[in-house]
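Residues per chain are reported as follows:
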Amino acid sequence: MSDLPLFYRSVVPLNREGHRTLRLAEPARFGFARDAHVIPAVVDEFAAACRHLPILFLPEGPVPTPVFVTGFRPGRSMLVDADGGWTGRYLPAHLRRYPFIQGEIADADPLVCLDEAAEGLDSSGGETGVALFGADGGDTPLLTERIALTRHYAEAAKRTAAFGQILQDLALLRPVTIQGRDTETGDTHTLYGAQGVDETALADLPDSDLLRLRREGWLSPLYAHLVSLQAIADFNLTYTAGQTAG
């Protein structure tokens, strides 16, 4: 599997026999995200997250990709504590599903995979952590929940790509910058390269384009993104909009 998402390093199909002794040592620990100042987001979680995490877009790949902003300094999250605990009020689905991910293979059904290099995976056969498979080889409640989340996330990712495509088609995004001050050193850091919806461009859309947004169900995530910008102040950050991206 090439072009792996953030955090994934060694993805292989989940194997009931080969992975039978695997245990997830710390299901509620997210130290692997300590160095991430942005986390991938999908449109299905915009409504739940918008009052707690800023949602912006990165112009990477064929369509803009939404992300949750979790810090203003590259390589440093503001929401993962020293013990790997998540201190935010909303936990992104990208973190909740890790180390699992859905793999796509041509002319075959999707596979549930996992990152064998993930922190906290224990294959020693000990009793530490939570088992993925029971003594009878069946899925444990933890694995059942993670598989369901992984499949839902894969479907949501397709909707998210379609959302990014329409924002790009309608030229609704403009570049923005995020600035914050390090409370420990006093240094100011600025994040460039992100994009946000241009409310003026949105207001100026022809009725036919607004109807398309409503008909295809994109108004809800669009407005959730705009609401999320208010959360920037909760991080003691400032937000500056640039010119409309065309």
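Going by the structure above, here's the rest.
Below you will find a few notes about this structure.

Cut-offs applied
- Residues numbered from 1 in each chain as written.
- Predicted model: local features only at pLDDT ≥ 70, side-chain atom pairs only at ≥ 80, totals over all residues.
- Heavy atoms only, no water.
- Pairing = 2+ DSSP bridges.
- Helix = DSSP H or I, 4+ residues; strand = E, 2+ residues; numbered from the N terminus.
- Axes fitted to C-alpha atoms, helices over the stretch in contact; angles between N-to-C directions.
- Contact = heavy atoms within 4.5 Å.
- Buried < 20%, exposed > 50% of the residue type's maximum accessible area, 1.4 Å probe, protein only.
- Core = buried A, V, L, I, M, F, W, Y, C linked by side-chain atoms within 4.5 Å.
- Salt bridge = Lys/Arg side-chain N within 4 Å of Asp/Glu carboxyl O.

### A closer look at the sheet that holds strand β7 (residues 111–115)
No. 1: Pairing within the open sheet is antiparallel, and its 3 strands lie in the order β1-β7-β6. The open sheet has two edge strands, β1 (11–13) and β6 (100–103), and neither has a second partner. Sheet twist, expressed as the mean angle between neighbouring strand axes with direction ignored, is 40 degrees.
No. 2: In the packing of helix α3 (residues 141–169) onto the sheet, contacts are made with β6 and β7, and the angle to β6 comes to roughly 50 degrees.

### Points about unusual backbone geometry
No. 1: For the bond running from Y98 to P99, omega is 15 degrees, close enough to zero to count as cis.
No. 2: Within the secondary structure, P99 sits in the loop between α2 (93–97) and β6.
No. 3: For A171, which is not glycine, the phi torsion reads 55 degrees and is therefore positive.
No. 4: Examined against the element boundaries, A171 turns out to sit in the loop between α3 and β10 (173–181).
No. 5: In this structure A171 comes out as partly exposed when scored by relative accessible area, which is 27%.

### Regarding the nonpolar core
Within soluble globular proteins, side chains that are nonpolar tend to cluster in buried spots.
No. 1: In this structure, F163, L172, L213 and L222 are the most contacted members of the largest nonpolar core, which totals 66 residues.
No. 2: If sequence neighbours within four positions are ignored, L222 has contacts with F163, L167, L172, V197, L202 and L213.
No. 3: Among the nonpolar cores identified, the runner-up in size contains 5 residues, and A93, L149, Y153 and A156 belong to it.

### Quick look at the sheet that holds strand β8 (residues 121–122)
No. 1: If you trace the 3 strands from one edge of the open sheet to the other, you get β8-β2-β9, paired in antiparallel fashion. Across the chains shown, the open sheet's two edge strands, defined by having one partner strand only, are β8 and β9 (130–131).
No. 2: Across 2 bridges, the pairing between strand β2 (residues 23–24) and β8 is antiparallel. For L24, the partnering residue across the bridge sits in β8 and is L121.

### Concerning the pattern of salt bridges
Once their charged atoms are close, side chains differing in charge can pair, the charge on each being opposite to the other.
No. 1: Counting across every chain of the model gives 7 salt bridges.
No. 2: With a shortest N-O distance of 2.6 Å, D44 and R159 are connected by a salt bridge. One end of the pair, D44, is in the loop between β3 (38–40) and α1 (46–49); the other, R159, is in helix α3, with 115 residues separating them in the sequence.
No. 3: Salt-bridge contacts for R174 lead to D198; the nearest nitrogen and oxygen are separated by 3.6 Å. A residue pair is termed long-range when its members are at least 10 positions apart, and R174 in strand β10 and D198 in the loop between β11 (188–197) and α4 (199–203) qualify at 24 residues. The exposure classification of R174 matches that of D198, with both residues buried.

These figures come from the coordinates and say nothing about function on their own.
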